[in-house]
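Take a look at the letters that make up each chain.
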Amino acid sequence: SLRYPATRFLLVAGVTVLLGLALWLRWRYVQGVSLYVDEYTTLWASQRTLETGAPIMPSGVLYTRGILHSYVIAGFAAIGGLTYTVGRLPSVVFGLAAILAIFFIGHREWNTRAAWLATVGLVFLPEAIEASSRARFYAPLVFFVLLTIWAAYVATQPGRASRRAHLLLAGSFVLAL
């Protein structure tokens, strides 16, 4: 179905429109909804990561919940300052990446209709909008779990299993943790 340039153009245009809508919905949440209590903890862990190199709280406890996300937020904060908007941006990016991933995985493994349905669902699902607009580890979790499930599917298919699929499975599984 992608052999024709017009089909390819419509596909890219449609995905671009959906990504634009997804970004707009998530940005409205970022700008319009105040921080949830758990987001303060994540932002604090990210601040401690900037200060000490690890999300070690003043009590001496290592904050391991979403440790990768603490480092990603700290990276964004090092560039743009640690504000609640900057702290929420990595989740928006991971949320958009999950939307792209679900479209391309659906298109590759099933068909274009399945890809559109899954993508539209993830773009407009209120829980997905909320999860990918908060300074919490939920959006990266969705992204890496999606990659883990896809890699496991590919790794178990006769004739498709490869070292790359197994490495993606292991890597995305570890990152999801």
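Above this note sits the structure.
Residues numbered from 1 in each chain as written. Predicted model: local features only at pLDDT ≥ 70, side-chain atom pairs only at ≥ 80, totals over all residues. Heavy atoms only, no water.

Caption draft 1: Spatial organisation of the side chain of Thr42. In this structure, Thr42 sits in helix H2 (residues 37-52). For Thr42, the side chain forms a polar contact with the main-chain oxygen of Ala135, separated by 3.1 Å. Only 2.7 Å separates the side chain of Thr42 from the side chain of Arg136, close enough to count as a polar contact. In contact with Thr42, not counting residues within four places along its chain, are Tyr63, Ile73, Ala135 and Arg136. (Helix = DSSP H or I, 4+ residues; strand = E, 2+ residues; numbered from the N terminus. Polar contact = N/O pair within 3.5 Å; in protein donor to acceptor, adjacent residues only side chain to side chain. Contact = heavy atoms within 4.5 Å.)

Caption draft 2: A look at the layout of surface pockets. Here the largest pocket is characterised by a volume of approximately 190 Å³. Residue lining of the largest pocket: Gly66, Ile67, Leu68, His69, Phe137, Pro140, Leu141, Phe144, Val174, Leu175, Ala176 and Leu177, and that is the complete set. Elements with a minimum of two residues in the lining of the largest pocket: helix H3 (67-80), helix H7 (138-155) and helix H8 (163-176). Class assignment for the residues of the lining of the largest pocket results in 10 nonpolar, 2 polar and no charged. In this model, the second largest pocket occupies a volume close to 160 Å³. Considering the residues around the second largest pocket, the lining is formed by Arg108, Trp150, Ala151, Val154, Arg160, Ser162, Arg164, Ala165 and Leu168. A per-class count over the lining of the second largest pocket returns 5 nonpolar, 1 polar and 3 charged. (1 Å grid on protein atoms, 1.4 Å probe; cavity = no way out; pocket = protein on both sides within 12 Å on 5 of 7 lines; lining within 4 Å. Points joined across faces, edges and corners; volume = space filled by probe spheres on them. Nonpolar A, V, L, I, M, F, W, Y, C, P; charged D, E, K, R; others polar.)

Caption draft 3: Quick peek at the packing of H2 against H3. In contact at an axis separation of 8 Å, H2 and H3 are set at 70 degrees when each is read in the N-to-C sense. Classified by the angle between their axes, H2 and H3 sit roughly perpendicular to one another. For H2 against H3, the interelement crossing comes out right-handed. Across the interface between the two elements, Thr42, Leu43, Ala45, Ser46, Thr49 and Leu50 from H2 touch Ser70, Tyr71, Ile73, Ala74, Ala77 and Ala78 from H3. (Axes fitted to C-alpha atoms, helices over the stretch in contact; angles between N-to-C directions. Parallel < 35°, antiparallel > 145°, perpendicular 65-115°, else oblique. Left-handed = near helix turned anticlockwise from the far one by under 90°.)

Caption draft 4: Up close: the packing of aromatic side chains. Inspection of the entire model under this criterion finds 7 aromatic pairs. Note on Phe94 and Phe143: the rings are 6.0 Å apart at their centroids and 55 degrees apart in plane angle, and the pair reads as tilted. Separated by 49 residues along the polypeptide, Phe94 in helix H4 (residues 84-109) and Phe143 in helix H7 bring together distant segments of the chain. Side by side, Phe94 and Phe143 carry an identical accessibility label, which is buried. Ring geometry for Phe137 versus Tyr138: centroids 4.9 Å apart, planes at 45 degrees, classification tilted. Judged by its relative accessible area of 31%, Tyr138 is partly exposed. Among the aromatic residues, ring-to-ring pairing joins Phe94, Phe143 and Phe144 into one connected group. The residue whose ring lies beneath Arg134 is Tyr36, and the NZ or CZ to ring-centre distance is 4.4 Å. (Phe/Tyr/Trp six-rings, centres within 6.5 Å; stacked < 30°, edge-to-face > 60°. Buried < 20%, exposed > 50% of the residue type's maximum accessible area, 1.4 Å probe, protein only. Lys NZ or Arg CZ within 6 Å of the ring centre and 35° of its normal.)

Caption draft 5: Spotlight on helix H5 (residues 112-124). Given a rise of 1.5 Å per residue, 13 residues ought to cover 18 Å, and the 18 Å separating the end C-alpha atoms of H5 matches this to within 8%. Looking at H5, one finds that the buried residues are Ala115, Thr119, Leu122 and Val123. Here the buried residues of H5 occupy an arc of 100 degrees about the axis, which is enough to place them on one side. Facing away from the buried surface of H5 by more than 90 degrees, the exposed residues are Arg113 and Leu117. Turning to H5, the residues buried within the fold contact helix H1 (5-32), H4 and helix H6 (126-131). Measuring from the side-chain oxygen of the N-cap residue of H5 to the backbone nitrogen of Arg113 gives 3.0 Å; that N-cap residue is Asn111. (Expected span 1.5 Å × (residues − 1). Arc of directions from axis to C-beta.)

Caption draft 6: Looking closely at H1. The first and last C-alpha atoms of H1 sit 40 Å apart over 28 residues, in line with the 40 Å expected at 1.5 Å per residue. Among all positions of H1, only Leu11, Val15, Leu18, Leu19, Ala22, Arg26, Tyr29 and Val30 are buried. For H1, the elements touching its buried residues are H4, H5 and H6.

Keep in mind these values describe shape, not function.
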